[in-house]
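# Commentary on secondary and tertiary structure
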Amino acid sequence: MMFNPQLEVITGCMSSGKTEELLRRLGRARYAGIEPVIFKPSVDTRTGTQVCSRNGICNDAMVVTSSAEIPSHIQDHHRLVAIDEGQFFDIGLVDVVMGLVRQGRWVIVSGLDLDYREAPFQVMAELIVRAHPVTKLTAVCMKCQSREATRSQRLVGASERFVVGDKEYEPRCLACFELPSSIDIITQQALAQSVKIT
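Attention in this report is confined to the structure presented alongside it. (Residues numbered from 1 in each chain as written. Predicted model: local features only at pLDDT ≥ 70, side-chain atom pairs only at ≥ 80, totals over all residues. Heavy atoms only, no water.)

All right, on to helix 3 (residues 92–102) then. Within helix 3, the full set of buried residues consists of Leu93, Val94, Val96, Val97, Met98, Leu100 and Val101. At its buried positions, helix 3 is contacted by strand 1 (6–12), helix 2 (70–73), strand 6 (80–83), strand 7 (106–112) and helix 4 (122–130). (Buried < 20%, exposed > 50% of the residue type's maximum accessible area, 1.4 Å probe, protein only. Helix = DSSP H or I, 4+ residues; strand = E, 2+ residues; numbered from the N terminus. Contact = heavy atoms within 4.5 Å.)

Quick look at the structure:
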């Protein structure tokens with residue numbers, strides 16, 4: 001395998017196979033004798049200290065609470081650095097990742113490109129414009145079950161931008177995606193605030 005210091009980004013909507021593709025690339029790297037180090041954000045508690053795809057493939061990962069913790073775990077032999085669920089990280093991840101690339105490392109980041117309101121995750125957007133290649137994956141729309149899904153439809157009422165889980169979302173195509181109205185968002189935020197007060 002030809003090894004080039006670079007930044008790769010794997011992105012797309014929920015259930016599009018981002019982690020599966022990340023783990024596939026790591027498997028190819030291992031076959032070529034390149035042992036990766038994998039990071040995941042602590043907010044993602046679904047699979048403990050592992051990164052797992054929906055088809056049951058898992059790899060052990062280092063769990064960090066912020067991007068600033070990543071460099072301290074990197075050792076000289078870590079030529080390949082993988083980061084899953086990039087959208088959960090702070091914007092400092094951009095500088096961390098580019099610093100690793102400039103050290104001559106190969107970095108792969110996977111994560112959602114858009115939230116449930118179709119707003120881009122800033123950290124992912126900043127990484128995407130710096131990356132090559134960028135792989136954008138799609139899922140099958142769970143509503144019409146015929147078109148390619150590019151959006152993550154939230155199925156639960158919540159005002160927070162981050163609601164971690166799988167059953168709380170489903171992939172949808174652009175035609176089936178229902179954008180929450182600003183009134184819905186304001187109402188959800190007001191309800192959430194009233195619950196906190198009481």
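What follows continues from the structure just given.
Our focus in this paragraph is the state of the cysteines. Counting across every chain of the model gives one disulfide. The closest cysteine sulfur to the non-disulfide-bonded Cys13 is located on Cys141, 9.3 Å from its own sulfur. There is no disulfide at Cys144, and the cysteine sulfur nearest it, in Cys141, is 3.6 Å away. (Disulfide = S-S within 2.5 Å.)

Using the criterion set out here, one finds 13 salt bridges in the structure. Across the salt bridge formed by Arg46 and Asp44, the nearest N and O atoms sit 2.8 Å from each other. Taking the relative accessible area as the measure of exposure, Arg46 reaches 34% and is therefore partly exposed. The salt bridge involving Arg151 is made with Glu118; its shortest N-O contact spans 2.6 Å. Taken together, the residues span a long stretch of sequence, with Arg151 in strand 11 (residues 151–154) and Glu118 in the loop between strand 7 and helix 4 at a distance of 33 residues. Under the relative-accessibility criterion, Arg151 is labelled buried at 17%. Bridged by salt links that share partners, the residues Glu8, Glu21, Arg24 and Arg25 form one connected network. (Salt bridge = Lys/Arg side-chain N within 4 Å of Asp/Glu carboxyl O.)

By size, the foremost hydrophobic cluster in this structure holds 30 residues, and its most contacted members are Leu7, Ile70, Ile83, Val97, Val107 and Leu127. Considering every element that reaches this core, the biggest residue donor is helix 3, with seven residues. Ranked by size, the runner-up nonpolar core spans 13 residues in total, among them Leu26, Ile38, Ala61 and Ala82. (Core = buried A, V, L, I, M, F, W, Y, C linked by side-chain atoms within 4.5 Å.)

A word on the sheet that holds strand 6. The parallel open sheet is built from six strands, whose spatial order is 5-2-6-7-1-8. Since the sheet does not close on itself, it has two edges, and those belong to strand 5 (62–64) and strand 8 (134–137), each with one partner. If you compare each strand with its neighbour and ignore which way they point, the axes differ by 20° on average. Where strand 1 meets strand 7, seven bridges bridge the pair, whose relative direction is parallel. Across the sheet, the residue bridging to Glu8 is Ile108, located in strand 7. Here helix 1 (residues 18–31) sits on the sheet in contact with strand 1, strand 2 (36–41), strand 6, strand 7 and strand 8, set at roughly 165° to strand 7. (Pairing = 2+ DSSP bridges. Axes fitted to C-alpha atoms, helices over the stretch in contact; angles between N-to-C directions.)

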